[in-house]
Amino acid sequence: MRQIAVLGMPNTGKSTFFNRFTGSHAHIGNWPGITVDLMMAEVKVGNELTEVVDLPGIYDLRGFSEDEAVVRCFLEKTQLNLVLIILNTTQIDRQMILPLQVRQLGLPAVLLLNMADEASRFGVKVQPDVLAQRLGIPVLPISAKYGMGYQAAIASITESLQQHHNLVQVEGLEERLLNDRQLADELKEILNGAVQMPLRLSDRWTSGLDRILLHPLLGLPIFFGAMYLIFQAIYAIGTPLQKLLGNGLDWFKGIALDPLLAPLPAFVKGFLIEGLYGGIGTVAAFLPVIFLFFLCMAIVEDSGYLSRAAFLMDALMERLGLDGRSFVMSLMGFGCNVPAILGTRVMRSPGLRMLSMLIIPFSLCSARLNVFMFMATALFAPDQSAKVIFSLYVCSFAAALLTAALFKGKFSSQEPLVLELPPYRFPTMKQILIRAWCEVKHFWIWSRKFIVFGVIAIWLLNNLPTNVPTASAQTLSGMIGQALQPLFAPLGINPQLTVALFFGFIAKEIVLGGLAVIYGQGEGGDLAAAIAQQIDWVQAYSFMLFTLLYVPCLSTVAVIKSESKSIKFAMLSVSWSLGLAWLTSFIFYQAARLLGY
């Protein structure tokens, strides 16, 4: 199989090109010899199956960050047919370093000058043919966003693969790279006469927006206001879609599953319908909400606003021993804590990485969002639900800031923040739909093994021994719930919710499916009604606070241990989150009861 690596600096549109090139075939996997997971896909280029690997964005092959070390390791241990180098044409004078270094290594390559449409608008003029002649590789202007030049790029990639049948592997990478002075001289010679850059890149649209959105006083309120409106929109659109999907699953159960499984013994039928189908169906009904969340986050990130949020937060984060990148990684944790923790590799300071890894698990990930959307719908009025969800995001930030303030002395850092603010861009509808779909697909594929394990385990605990009432105090789950009640009763969390939390340590995706099994209900309003009959809004909010703050999922703990290379640090993260969750829920519940709620 042919091998292609995609290489480029951050914010060059590398991932946009990769997504367009590979379509929906991309997946995250472990590459042999590399300590991190990489995005990869198998696609047909010409008539041959080709594996394409998207490498982390780096600035220099000689850099000191872990991402740069990963790329060096990959190039030294992997045989390749071709390297695709993606540059931002508007910054070609600064980004031509990578193509020069790839040429020094003797790797066959194709250089794609992305964002050529923006370059033209900013007055940047490039002669691709002259650059191709001087570099000795094909050079093509493209717009990965709009598809401009894409077919010509694919034709050039196909032709280059046909010319380079043999796999190439780099040996002695660092020894073959030129020093800074030699590289600067070669860069000047390559660009001379082939590239014309204006003295200053001006974008009136970006400058005008930044005067408002980066205002020292109004910037942060505008950002949090925008996020609040996003949550309102997600809830307003997602709830009807969720109910529609839940009704569809109920219809399928009644018209197909019940008649089909009727001849089976009651225990087996209950396991398949109430346990497996009901638990998984409850989680599946929330996929529209998750899709909308990732859709909105794709817009915020791809538009360039996320980088500005990091800039706005940098001054505050610096006082807490962090920087704007920590804030960005925390926002990334809204999707999933695992890749956000992996993203801390761009930080060179060990103290900054450790402190960032300590706060990221408090980010309200998509798995927890499932639980909160359901509980908010079940226990709160429609006009209050969005406010409840938003308040939990505020609590998420507050927990992260408190953690940073308390632990900054233990994990100190002096690493400066270098942050590039790209111009505002409007992502295309196709881009954001593909991005949201890939995120939801990854979430479902990655989480369903935990969901299946969890709902099966909880159903069995609820139905064993078989000679006692289901989910009663005499079952295994009842015994667990009762044993933990001295700890959770002061928080207003009953035995049924306690069992769901117990299994939620494996993965938060299990919590909602587990509740469906525990209460003997399927997806939709039946489960909501069953829970609403047993607890009030104070207990529900206390439960949500604990779910938000307590031990992150097992995968997150494993990644923290792997990235920190310290079991003590992983245990610190677990014990701190558990203690903070209990204390926060206790204070809220007891205060609410004292106030008469």
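Refer to the structure presented above.
Per chain, the residues get numbers from 1 upward, laid out in the order the sequence is written. Where local features are concerned, this predicted model is filtered to residues with pLDDT of at least 70; where side-chain atom pairs are given and counted, the filter is 80 or more; whole-chain, interface and lining totals use all residues. Water and hydrogen atoms play no part in the side-chain values, which are based on all heavy atoms of the structure.

Trainee: Looking at this structure, how should I read the overall build of the chain?
Mentor: On a plain count of helices and strands, the chain comes out with 27 helices and nine strands. At 26 Å, the chain has a C-alpha radius of gyration in line with the 25 Å of a compact globule built from 597 residues. Here's how the labels work: a residue is buried when its accessible area is under 20% of the maximum for its type, exposed when over 50%, partly exposed in between, all with a 1.4 Å probe on protein chains only. Taken across its 597 residues, the chain has 55% of its residues classed as buried. Partitioning the contacts of the chain with sequence separation of at least 6, the portion at a separation of at least 24 is 77%. Looking at the chain as shown, the accessible area adds up to about 25,800 Å², and 62% of this sits on carbon and sulfur atoms. One finds the centroid of the 43 positive side-chain charges in the chain at a distance of 3 Å from the centroid of its 41 negative side-chain charges. Secondary structure is summarised from DSSP: a helix means a run of H or I of at least four residues, a strand means a run of E of at least two, and numbering begins at the N terminus for each. Put simply, the radius of gyration uses C-alpha atoms, and a globule should come to 2.2 Å times the residue count raised to 0.38. Contacts are residue-level and defined by heavy atoms, with any inter-residue pair within 4.5 Å sufficient. All accessibility values rest on the Shrake-Rupley procedure with a 1.4 Å probe; residue burial counts only the protein chains present in the view. Charge counting treats Lys and Arg as positive and Asp and Glu as negative, with His and both chain ends excluded. Every charge is mapped onto a representative atom, which is NZ of Lys, CZ of Arg, CG of Asp or CD of Glu.

Trainee: Looking at this structure, how should I read the pairing of strand 6 (residues 109-114)?
Mentor: Across a regular strand the side chains alternate sides, sitting on one face of the sheet and then on the other. Burial analysis of strand 6 places six of its six residues in the buried class, the great majority of the element. On strand 6, burial covers both faces: Ala 109, Leu 111 and Leu 113 on one face and Val 110, Leu 112 and Asn 114 on the other are all buried. At least two bridges found by DSSP between two strands is the condition for calling them paired. Of the strand pairs in this sheet, strand 6 and strand 8 (residues 139-141) are connected by three bridges, and their pairing is parallel. Residue pairing across strands places Leu 112 opposite Leu 140, the latter belonging to strand 8.

Trainee: What's the story with the packing of aromatic side chains in this structure? I'm lost.
Mentor: One pair of aromatic rings is described through two measures. These are the centre distance and the angle between the planes. Stacked, tilted and edge-to-face pairs are distinguished by plane angle, under 30 degrees for stacked and over 60 for edge-to-face with tilted covering the rest, among Phe, Tyr and Trp rings (Trp via its six-membered ring) whose centres lie within 6.5 Å. Enumeration according to the criterion identifies 17 aromatic pairs in this entry. In this arrangement the basic side chain of Arg 308 is found over the ring face of Tyr 424, its NZ or CZ atom lying 4.0 Å from the centre. Look at NZ for Lys and CZ for Arg. If either is within 6 Å of the ring centre and within 35 degrees of the ring normal, a charge sits over the ring.

Trainee: Would you mind going over the side chain of Arg 368 with me for this structure?
Mentor: Considering the arrangement of structural elements, one finds Arg 368 in helix 18 (residues 366-379). Its relative accessible area of 1% is what places Arg 368 among the buried residues. Among the polar contacts listed, one links the side chain of Arg 368 to the side chain of Asn 337, at a separation of 2.9 Å. Apart from the residues lying within four places of it in its own chain, the contact partners of Arg 368 are Asn 337, Pro 361, Ser 363, Lys 508, Thr 547 and Leu 548. Nitrogen and oxygen atoms within 3.5 Å of one another constitute a polar contact, given that in protein one can donate a hydrogen and the other can accept it, and given that sequence-neighbouring residues count only through two side-chain atoms.

Trainee: Please explain the pairing of strand 4 (residues 48-54) as it appears in this structure.
Mentor: With five of seven residues buried, strand 4 is to be regarded as a mostly interior element. Of the strand pairs in this sheet, strand 1 (residues 2-8) and strand 4 are connected by five bridges, and their pairing is parallel. Considered in strand 4, the bridge of Gln 3 is made with Glu 51.

Trainee: So what exactly am I meant to see when it comes to the nonpolar core here?
Mentor: Among the buried residues, those of types Ala, Val, Leu, Ile, Met, Phe, Trp, Tyr and Cys that are joined through side-chain atoms within 4.5 Å form a nonpolar core. One finds Phe 293, Met 375, Leu 392 and Ile 531 to be the most contacted residues of the largest nonpolar core, which totals 115 residues. Met 40, Ala 132, Leu 135 and Val 139 belong to the second largest nonpolar core, which has 40 residues in total.

Trainee: Explain the pattern of salt bridges to me, please; I cannot follow it from the model alone.
Mentor: Any two side chains of opposite charge can pair if their charged atoms end up close together. Salt bridges are identified by distance alone: a Lys or Arg side-chain nitrogen within 4 Å of an Asp or Glu carboxyl oxygen. This structure, assessed with the given rule, holds eight salt bridges. In this structure, the salt-bridge partner of Lys 14 is Asp 54, at a minimum N-O distance of 2.7 Å. Here Lys 14 is found in helix 1 (residues 14-22), whereas its partner Asp 54 is found in strand 4, with 40 residues between them in sequence. The pair Lys 14 / Asp 54 is uniform in exposure class, with both members buried. With a shortest N-O distance of 1.9 Å, Arg 103 and Glu 186 are connected by a salt bridge. Of the two residues, Arg 103 is situated in helix 4 (residues 97-104) and Glu 186 in helix 9 (residues 180-191); the sequence distance between them amounts to 83 residues. Given the relative accessible area of 30%, Arg 103 is considered partly exposed. Classification of Glu 186 as buried rests on a relative accessible area of 17%.

Trainee: Even after reading the chapter, I still don't get the environment of Leu 249, so can you show me in this structure?
Mentor: With respect to the helices and strands, Leu 249 occurs in helix 11 (residues 219-261). In sequence terms Leu 249 and Gly 281 are 32 residues apart; their C-alpha atoms lie 6.9 Å from each other.

Trainee: How should I be thinking about helix 10 (residues 204-213) in this particular structure?
Mentor: Since the α-helix packs 3.6 residues into each turn, any two residues three or four apart lie on the same face. Those residues of helix 10 lying buried are Thr 206, Gly 208, Asp 210 and Leu 213. Contact partners of the buried residues in helix 10: helix 11 and helix 14 (305-319).

Trainee: Before we go on, may I ask you to explain the environment of Ile 154 in this structure?
Mentor: In this fold, Ile 154 is placed in helix 7 (residues 150-163). Taking C-alpha positions, Ile 154 is 56 Å from Asn 462, a pair spaced 308 residues apart along the chain.

Trainee: Can you walk me through a nonpolar patch on the surface in this structure?
Mentor: Together, Leu 264, Phe 267, Val 268, Leu 460, Leu 464, Leu 476 and Met 479 give the surface a local cluster of nonpolar side chains, amounting to about 510 Å² of exposed area. Counting residues per element, the ones that place at least two in the nonpolar patch are helix 12 (266-284) and helix 21 (476-488). With a relative accessible area of 34%, Val 268 lands in the partly exposed category. Patches were defined on residues exceeding 30% relative accessible area and lacking a salt bridge, with like-charge contacts within 9 Å and nonpolar side-chain contacts (Val, Leu, Ile, Met, Phe, Trp, Tyr) within 5 Å.

Trainee: Where do I start with unusual backbone geometry in this structure?
Mentor: Of all residues except glycine, most have a negative phi; of all peptide bonds, most are trans. Residue Pro 465 follows Leu 464 across a cis peptide bond; omega there is -5°. Secondary-structure assignment places Pro 465 in the loop between helix 20 (429-463) and helix 21. Positive phi, close to 60°, is recorded for Met 115, a residue that is not glycine. With a phi close to 55°, Lys 565 is a non-glycine residue in the positive phi region. Tracing the chain through its elements places Lys 565 in the loop between helix 26 (554-564) and helix 27 (567-594).

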